[in-house]
Amino acid sequence: MAVRPIVITGEPVLHRPAALVEAFDDGLRQLVADMFDTMDAAHGVGLAAPQIAVPLRLFVYEMANDDDVPGRGVVINPMLSLSRISTDRPDPDSESEGCLSVPGESYPLKRADQVSVIGFDADGEELSFRTTGWFARVMQHEFDHLNGLLYVDRLDDKQTRRARKTIRANGWGKAGNSWMPGVDRDPFGHDDDHEDGDAFLDATGHDDRLV
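Fair warning: this is a prediction, and the values are worked out from it, not measured in the lab. (Residues numbered from 1 in each chain as written. Predicted model: local features only at pLDDT ≥ 70, side-chain atom pairs only at ≥ 80, totals over all residues. Heavy atoms only, no water.)

(A) Main features of the pattern of salt bridges. Under the definition given, this model contains 11 salt bridges. Between Arg4 and Asp34 there is a salt bridge whose closest N-O contact spans 2.8 Å. Placement of the pair is Arg4 in the segment before strand E1 (6-7) and Asp34 in helix H1 (residues 26-41), with a sequence separation of 30 residues. Several salt bridges share partner residues, and in doing so they unite Glu97, Arg111, Arg137, Asp144 and Arg154 into one network. (Salt bridge = Lys/Arg side-chain N within 4 Å of Asp/Glu carboxyl O. Helix = DSSP H or I, 4+ residues; strand = E, 2+ residues; numbered from the N terminus.)

So this is what it looks like as structure tokens:
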């Protein structure tokens, strides 16, 4: 098992659809183990394979939930069915997302409140479950990665302008940028905020780790 670098927006693998997983073998199980290690080192609640430069359709997650779904898992070749997304303006205090591939930033975004997920586990066994609330948000965020989308691609016009300005200022938006969890300083400040091992909860009671 190993922690891998996380690539940053502008890396081509993040901006094109990933390929279906075809072989459920030891190589896949090793990849899944590395993804869990990387997610944990980055203080994430989710990580998609393209974020570690692997163009395959799978993601891992860790989030306590009220949906009777295991709080930690992998979904391979997922398909999602979403409830209607509200056209209301997103609340920046309770509906802001962050992304390990846009490190250190967060922007408000509306998502569906309910999502049904089907896919496979690392052994090729079928999965099917329903998610709500922030757990549903994580599923949508990770699924977007598999289709070559980052959450910043879905922002409204005002937030898109903010995000693009930040991406330019950081020299992102081109190939070759990455960061190494556990080695580079945590871009979201978790190295400072959680040295005492407190739960990763923000002021709204939501898990404040990133995806």
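Moving on, there is more to tell.
(B) Expanded view of the nonpolar core. Residues Val32, Met35, Leu47, Leu58, Val60, Tyr151 and Val152 are the most contacted members of the largest nonpolar core, which totals 35 residues. Take this core: its biggest share by element is six residues, from H1. With 18 residues, the next largest nonpolar core counts Leu80, Val115, Met139 and Phe143 among its residues. (Core = buried A, V, L, I, M, F, W, Y, C linked by side-chain atoms within 4.5 Å. Buried < 20%, exposed > 50% of the residue type's maximum accessible area, 1.4 Å probe, protein only.)

(C) Structural detail: the sheet that holds strand E4 (residues 72-82). Taken in spatial order, the five strands make up an open sheet running E2-E3-E4-E7-E8, and their pairing is antiparallel. Edge positions in the sheet fall to strand E2 (46-48) and strand E8 (126-132), since each has one partner strand and no second. Averaged over all adjacent pairs, the angle separating strand axes in this sheet is 40°, with direction ignored. The pairing of strand E7 (residues 114-120) with E8 spans seven bridges and is classified as antiparallel. Residue pairing for E8: Ile118 is matched across the bridge by Ser128. On the sheet, H1 packs against E2, strand E3 (58-62) and E4 and is oriented at approximately 40° with respect to E3. (Pairing = 2+ DSSP bridges. Axes fitted to C-alpha atoms, helices over the stretch in contact; angles between N-to-C directions. Contact = heavy atoms within 4.5 Å.)

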